[in-house]
Amino acid sequence: MTFIDEARIFVKAGDGGNGCLAFRREKFVPRGVPRGGDGGRGGNVVMVASNNHNTLLHFRFNPEHKAQRGRHGEGSNRSGREGHSIELPVPVGTVVYDDDTGDVLHDFTTAGDRFVVARGGRGGRGNQHFATSTHQAPTEHEPGRPGVEKHLRMELKLLADAGLVGFPNAGKSTLISRISAARPKIADYPFTTLVPNLGVVSVDDRTFVVADIPGLIEGAHLGAGLGVQFLRHIERTRLLVHLVDVSELTGRDPVHDFQVIMEELASFDPSVVEKPMIVVASKIDVAQDPARIESLRELAATKGLPFHEISSVTGAGIEALKFAMAELAVRSEPEMEVEPQPASNAG
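Since this is a predicted model, take the numbers as computed values, not measurements.

Here we look at the overall build of the protein
Then step 1. Summing up its helical and strand segments, the protein has five helices and 14 strands in all.
Then step 2. The 347 residues of the protein split such that 47% are buried.
Then step 3. For the protein, long-range pairs separated by at least 24 residues make up 74% of all intrachain contacts whose partners lie at least 6 apart in sequence.
Then step 4. Accessible surface, the protein: about 18,200 Å² in total, of which carbon and sulfur atoms supply 50%.

This is the structure we're talking about:
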């Protein structure tokens, strides 16, 4: 399935029905009384968070969504029927913005969360409501109110406990395929990963979700490479796992690679670099110069960050990294507070 994490749509709630102008006509009744019914309310446009969707692809080719309008009022005080509301399923993690103002309308963080994004118009009143003791044959009646219409922009931010970041070909996709059942495309050329991949990792009785974020390069915040369009997916993560290729194949300095990625993260959102982080030296199976690993280890030590050496090919260091990730990524349940019991006066 094509991964789409941003979409723009137009929503229109139903208009309210018009109020009716009518009078009761009966034999032997010289003057009829007003009997115009009210118009029905228009339908709403409701968004619902669903676990059955993991992309915004279904909005890309269906950009307009309109609810049903309310029926007009009828004679004999018969009110018009209300218009049917429509429900739009969105993935959990979707943030809805007003595309005209940029305001955040709602953030869907739990499945089943519902939000009325556009309310239907109120039905107009029939002429029965305008009768008074001195105005017994009113011809006034109200039109229905128009339904709310909005241009919306939606962003999907994946809900993951840990996010893998680093340069292209740092070994992120290979790692997530090693520790979870995810099977992303893996190749030896830059930007193999074009969309985020999710994997569920199990450690003893704990499970957590890991997101493989497409690789960053220097100048990503200015649009270089894939830019920072996918970095929104790590805004909700609890932990960052920073992979640095320590092999000689890159021709780059591992410490410089680490600093470049940190600068790109800070340029995107300064709060991201404040998240807990594990520094990982990857591809140690093909690293022939121990000094490259030691320089990265010393940098992590100066910043007070945990450091691990791994090889996703041979499996070296994978289990230790999984346990370290579980300790920082798994959200512990809050402990129940026990209220102190009053001391017994017996005895």
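Description of helix H5 (residues 318-329)
Then step 1. Helix length check: H5 (twelve residues) gives 16 Å between terminal C-alpha atoms against 16 Å at 1.5 Å per residue, within 8%.
Then step 2. For H5, the full list of buried residues reads Ile318, Leu321, Lys322, Ala324, Met325, Ala326 and Ala329.

Observations regarding the sheet that holds strand E9 (residues 162-166)
Then step 1. On the basis of which strands lie adjacent, the open sheet formed by six strands has the order E10-E11-E9-E12-E13-E14 and mixed pairing. On the outer flanks of this sheet lie strand E10 (197-203) and strand E14 (307-309), each paired with one strand and no other. Mean inter-strand twist for the sheet, computed between neighbouring axes without regard to direction, equals 25°.
Then step 2. Sheet analysis places E9 next to strand E12 (residues 239-245), joined by five bridges and oriented parallel. From the neighbouring strand, Gly166 faces E12, where its bridge partner is Leu243.
Then step 3. Helix H3 (residues 254-268) contacts E9, E12 and strand E13 (277-282) of the sheet and is inclined by roughly 145° relative to E12.

Observations concerning the sheet that holds strand E4 (residues 86-91)
Then step 1. In space, the three strands of this open sheet follow the order E4-E2-E7, with mixed pairing throughout. Edge positions in the sheet fall to E4 and strand E7 (114-118), since each of these pairs with one other strand and no more. Averaged over all neighbouring strand pairs, the angle between strand axes comes to 30°, with direction disregarded.
Then step 2. Bridge analysis of strand E2 (residues 45-50) against E7 gives four bridges, and the strand direction is antiparallel. Bridged to Val46 within E7 is Val116.

A look at the confidence of the model for the protein
Detailed reading of the predicted model is not advised wherever pLDDT is low.
Then step 1. With 85% of its residues at a pLDDT of 70 or more, the protein has an overall mean of 84.
Then step 2. Low pLDDT (under 50) marks residues 332-347, which in the prediction has zero contacts with non-local residues, meaning those over four places away or in another chain.

Quick look at the packing of H3 against helix H4 (residues 290-302)
Then step 1. Closest axis-to-axis distance for the H3/H4 pair is 8 Å, and the angle between their directions is 40°. Between H3 and H4, the interaxial angle falls into the category oblique. Residues Pro254, Val255 and Phe258 of H3 form the contact with H4, whose own contacting residues are Arg292, Ser295, Leu296 and Leu299.
Then step 2. Across the contact of H3 with H4, the residue classes break down as five nonpolar, one polar and one charged.

Section: the nonpolar core
Then step 1. Counting residues in each nonpolar core, the largest one holds 28 residues, and the members touching the most others are Ile234, Phe258, Leu265, Leu296 and Phe307.
Then step 2. Going through the elements one at a time, E12, H3, E13 and H4 are the ones with two or more residues in this core.
Then step 3. Aside from chain neighbours lying at most four places away, what touches Phe258 is His242, Val244, Met277, Val279, Leu296, Leu299, Lys303 and Leu305.
Then step 4. Counting residues in hydrophobic clusters, the runner-up holds 22 residues, among them Leu164, Leu175, Ile278 and Met325.

Observations concerning the pairing of E2
Within a regular beta strand, the side chains point alternately toward one face of the sheet and then the other, so they alternate between its two faces.
Then step 1. When you tally the buried positions in E2, you get six out of six residues, the bulk of the element.
Then step 2. Burial along E2 is two-sided: the residues Val45, Met47 and Ala49 and Val46, Val48 and Ser50 are all buried.
Then step 3. Sheet analysis places E2 next to E4, joined by six bridges and oriented parallel. Within E4, the position partnered with Ala49 by the bridge is Val90.

Quick notes on the packing of aromatic side chains
Then step 1. This structure, assessed with the given rule, holds zero aromatic pairs.
Then step 2. Here the guanidinium or amino end of Arg153 rests over the ring plane of Tyr97, the centre of that ring lying 4.3 Å away.
Then step 3. When the ring centre of Phe167 is taken as reference, the NZ or CZ atom of Arg252 above it lies at 4.3 Å.

Thoughts on the side chain of Thr55
Then step 1. In this structure, Thr55 sits in the loop between E2 and helix H1 (57-60).
Then step 2. Residue class for Thr55 comes out buried when judged on its relative accessible area of 4%.
Then step 3. One polar contact links the side chain of Thr55 to the main-chain amide nitrogen of Leu57, over a distance of 3.3 Å.

What counts, and where the lines are drawn
- Residues numbered from 1 in each chain as written.
- Predicted model: local features only at pLDDT ≥ 70, side-chain atom pairs only at ≥ 80, totals over all residues.
- Heavy atoms only, no water.
- Helix = DSSP H or I, 4+ residues; strand = E, 2+ residues; numbered from the N terminus.
- Buried < 20%, exposed > 50% of the residue type's maximum accessible area, 1.4 Å probe, protein only.
- Contact = heavy atoms within 4.5 Å.
- Areas by Shrake-Rupley, 256 points an atom, 1.4 Å probe, with all protein chains shown as cover.
- Expected span 1.5 Å × (residues − 1).
- Pairing = 2+ DSSP bridges.
- Axes fitted to C-alpha atoms, helices over the stretch in contact; angles between N-to-C directions.
- pLDDT = per-residue confidence, 0-100.
- Parallel < 35°, antiparallel > 145°, perpendicular 65-115°, else oblique.
- Nonpolar A, V, L, I, M, F, W, Y, C, P; charged D, E, K, R; others polar.
- Core = buried A, V, L, I, M, F, W, Y, C linked by side-chain atoms within 4.5 Å.
- Phe/Tyr/Trp six-rings, centres within 6.5 Å; stacked < 30°, edge-to-face > 60°.
- Lys NZ or Arg CZ within 6 Å of the ring centre and 35° of its normal.
- Polar contact = N/O pair within 3.5 Å; in protein donor to acceptor, adjacent residues only side chain to side chain.

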